[in-house]
Structures are given as C-alpha cells and as structure tokens.
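# Fold and geometry: a report
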Amino acid sequence: MKEIVIISGKGGTGKSSICAAIAYLAKAELVVADCDVDAADLHLILHPENSKVQDFYSGVLAEIDPGKCSACGLCYQKCRFDAIEPFEGTYRVIDLECEGCGYCYYICPEDAISLIDQNVGKFLISDTRYGCSLVHAHLKIGADNSGKLVAKVKSEAKAIAKVQDKPYILADGSPGIGCPVIASLAGADYVILVTESSKSGLSDLKRVQELVAKFQIPSACIVNKADINPSVTNDIHKYLNKSKVQHLGDIPYADDFHKAIAMGRSLIEENEARWLPIFTEYWQTIKENI
Ligand code: SF4
Ligand code: SF4
C-alpha cells in the first residue's frame, strides 16, 4: 500500500480541489484521508454519509477538587504557566492556561488535583458518494494537538485500506510547514506539492519542499494559475528542475475551481471534457513514479 500526500506551502492554491479530482478519478483504488484537520473541507465535495464517529482524546488538564483542597496555595505559587487562581476560598485551574504539565498534581499534599484526559475533537470514518471511504476529523475550536489527530486519521486510513485491499491512500495535508504537515508527511511514499504562480507561492513552495527533502520523500509539483504570472512560473520551473522535483504540469487560471467547490463537486464533475484528460495523465504519472 502506498501513501500519497498532497500539500501546499500556503492556503488557497487549489490543493483540496486537486485532491478531490484525483479522488474522483481513482475512487476504486484508494482510501481518502483529510489531514487538514484545522480546516477540513473535502467533505464539502465527497459528501460523507454513514459516518462512524469517535471522540479523540489528547493531552490532559489539571482539575482541583475543592472538597479535598486545604487552600495551602502551593500549586498557585508553583504553576509556571499562571494557570491556577484563588476561587471561593480554595483554588481552581484556568483551563485555557493549563499546559497539562502535571507538576501541580505531583506536589499537592492533599491529592486534590487530578489530570483529566482532554477531548480535543472527533474523527470520522465515512462512506462517500464516490464509493471510497473517507477518514476525516473535526478539531475543537482552540484545541491543540492537531498533529496527533492527523497521525490518528492516517493510521485509521491505513487500517481501512488494508481491510478493503486498496493499493493507495490519498491524504489531503494542511497548508504550511507546521506540526500537522510534519504528521502528514510521516510515512508518506510520494508527495504532490501544489503551488500557484506568485512570489509568495514560490517562496512557500521552497519552504515546504525543504521539509519534504528532509524526509527524503520523492515529490512532484502542480503549478496552479500558471498563466497569471509567466515570469514567476518560469522561476518555479527552474526551481523544480534544480531541486529534482518532478513537474507534473501547469494549470491555467480557471473559474471551475470556485464553481466546483460552490456546487460541492469535483473539477471533473464540473467540466469533464476539460479536466478528465488532465487528471488522467497526472494519475498515470503518479502511479508510474511512486
Ligand atoms: S496544592 Fe493542593 S491543597 Fe494546596 S492549594 Fe493546590 S489543590 Fe489545594
Ligand atoms: S498541570 Fe501544569 S500548567 Fe496545568 S495547572 Fe498544573 S502546574 Fe499549571
């Protein structure tokens, strides 16, 4: 089983639209994992149904039992994150400040402090209208640990691909180079970088490709909106060549991207005559090179 991850150095490059088009085309061969857990949107196109929902716990928060607390103030003095405050004669934890380090738990002389597992979101395993399975997630607002949730989404997708005997996992990664992207890349066999023809697009492409190179994963690139700035597109081509990143192709600016998302469709469903040949060629090249 091979894992293909689609990422971009920045948001708004068309990464998820490209992922959905490949999912539509190769639906019989893959399980889709939406690893963009901070802003998941593949469900808008794949229309998941029959979802099996599970809570996701990660990290802990301290909690003080006022019935046991003798108000000695030790935890209040020692918490280096200022996450404990006086409250109605004893003390309480300020959830948003608590880093879950557990120091207060170990020093409390009254055993009045517990460390409670944090429910940071949900992950879902769903059927889709394409027939392939989709593993996706919702992180609670303000919740941390998106890297761990990405790792969970990927491991569930792998397990399903094994059971269903699917040769590929297609993962839609997060934009940027942070922890969720690193979690998306761990264990990947092939990376598709999506960029757009702008100076910031090129700069972010370089940053994300440096990260991919550290993982020593073969990569390929699709340049979206390639006609809006031919000079920058030329610079992108030179960079790909120098960095030994395979150039999958250029896509000119197309309204179909916005229209397809608005209608909850893939690009190929939006305009088959235009997009089917393009993505058929991309998918063949990816399979040959993975
Ligand atoms: S260390 Fe324990 S007993 Fe002391 S104030 Fe904190 S919770 Fe209360
Ligand atoms: S777990 Fe750590 S951060 Fe949270 S209240 Fe206790 S000492 Fe402070």
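Keep in mind that this is a model prediction, so the values were computed, not measured.

## Some points on the overall build of the protein chain
Of regular secondary structure, the protein chain possesses eleven helices and eleven strands. Here the C-alpha coordinates of the protein chain stretch approximately 75 × 40 × 35 Å along the principal axes. Expressed as a percentage of its 290 residues, the buried residues of the protein chain come to 43%. Partitioning the intrachain contacts of the protein chain with sequence separation of at least 6 by distance along the chain shows that 77% fall at a separation of at least 24.

## Some remarks on the site of ligand 2
Surveying the vicinity of ligand 2 reveals 13 residues, the closest of which are Ala62, Cys79, Cys98, Cys101 and Cys104. Here the residues of the shell around ligand 2 are counted per class, giving ten nonpolar, two polar and one charged.

## Things to note about helix α1 (residues 15-25)
For α1, the buried fraction is high: eleven of the eleven residues fall into the buried class. Within the span of α1, buried status applies to Lys15, Ser16, Ser17, Ile18, Cys19, Ala20, Ala21, Ile22, Ala23, Tyr24 and Leu25.

## Some details on the sheet that holds strand β10 (residues 219-224)
One open sheet holds the nine strands; their spatial order is β3-β6-β7-β2-β8-β1-β9-β10-β11, and the pairing between them is mixed. Whereas interior strands pair on both sides, the edge strands pair on one side only; in this sheet they are β3 (49-64) and β11 (246-251). When the angles between neighbouring strand axes are averaged without regard to direction, this sheet yields 20°. Here twelve bridges tie β3 to strand β6 (residues 113-127), and the two strands are oriented antiparallel to one another. The partner of Glu63 across the bridge, within β6, is Ser114.

## A word on the nonpolar core
If you look at the biggest cluster of nonpolar residues, it comprises 71 residues, and the most contacted ones within it are Ala23, Val32, Val153, Ile169 and Leu170. It is α1 that provides the largest number of residues to this core, a total of eight residues. Counting 13 residues, the second-largest nonpolar core is a separate cluster that includes Cys79, Ala83, Cys98 and Cys108.

## Considerations on the site of ligand 1
Around ligand 1, 15 residues are found, and the nearest of them are Cys69, Cys72, Leu74, Cys75 and Cys108. Breaking the shell around ligand 1 down by element, the ones donating at least two residues are α3 (74-78) and β5 (90-93). Of the residues that constitute the shell around ligand 1, the class distribution is eleven nonpolar, three polar and one charged.

## Quick look at the domain arrangement of the protein chain
Structurally, the protein chain comprises domain 1 (2-47 + 128-289) and domain 2 (59-119). Spacing between the C-alpha centres of domain 1 and domain 2 amounts to 43 Å.

## A word on the packing of α1 against helix α11 (residues 272-289)
Contact geometry of α1 with α11 gives a least axis separation of 10 Å together with a crossing angle of 85°. As far as their axial angle goes, α11 and α1 are roughly perpendicular. Across the interface between the two elements, Ala21, Ile22 and Leu25 from α1 touch Trp275, Phe279, Thr280 and Trp283 from α11. Of the residues contributing to the contact of α1 with α11, the split by class is six nonpolar, one polar and no charged.

## Description of the environment of Asp36
Here Asp36 lies in the loop between β2 (30-34) and α2 (43-46). Measuring from C-alpha to C-alpha, the distance between Asp36 and Val150 comes to 7.6 Å, with 114 residues separating the pair along the chain. If we ignore the near neighbours within four places in the chain, the residues touching Asp36 are Asp172, Gly173 and Ser174.

## With respect to the pairing of β6
Looking along a regular strand, one sees side chains alternate from face to face of the sheet. Of the strand pairs in this sheet, β6 and strand β7 (residues 133-139) are connected by seven bridges, and their pairing is antiparallel. Among the inter-strand pairings, Asp127 is bridged to a residue of β7, identified as Ser133. Linking β6 back to β7 in an antiparallel pair, the connection comprises five residues, with Gly131 at a positive phi of about 100°.

Criteria and thresholds
Residues numbered from 1 in each chain as written. Chains lettered and ligands numbered in written order. Predicted model: local features only at pLDDT ≥ 70, side-chain atom pairs only at ≥ 80, totals over all residues. Helix = DSSP H or I, 4+ residues; strand = E, 2+ residues; numbered from the N terminus. Buried ≥ 20, exposed ≤ 12 C-beta atoms within 10 Å, placed from the backbone. Contact = placed C-beta atoms within 7 Å. Near = placed C-beta within 6 Å. Nonpolar A, V, L, I, M, F, W, Y, C, P; charged D, E, K, R; others polar. Pairing = 2+ DSSP bridges. Axes fitted to C-alpha atoms, helices over the stretch in contact; angles between N-to-C directions. Core = buried A, V, L, I, M, F, W, Y, C linked by C-beta atoms within 7 Å. Domains from an automatic or database assignment. Parallel < 35°, antiparallel > 145°, perpendicular 65-115°, else oblique.

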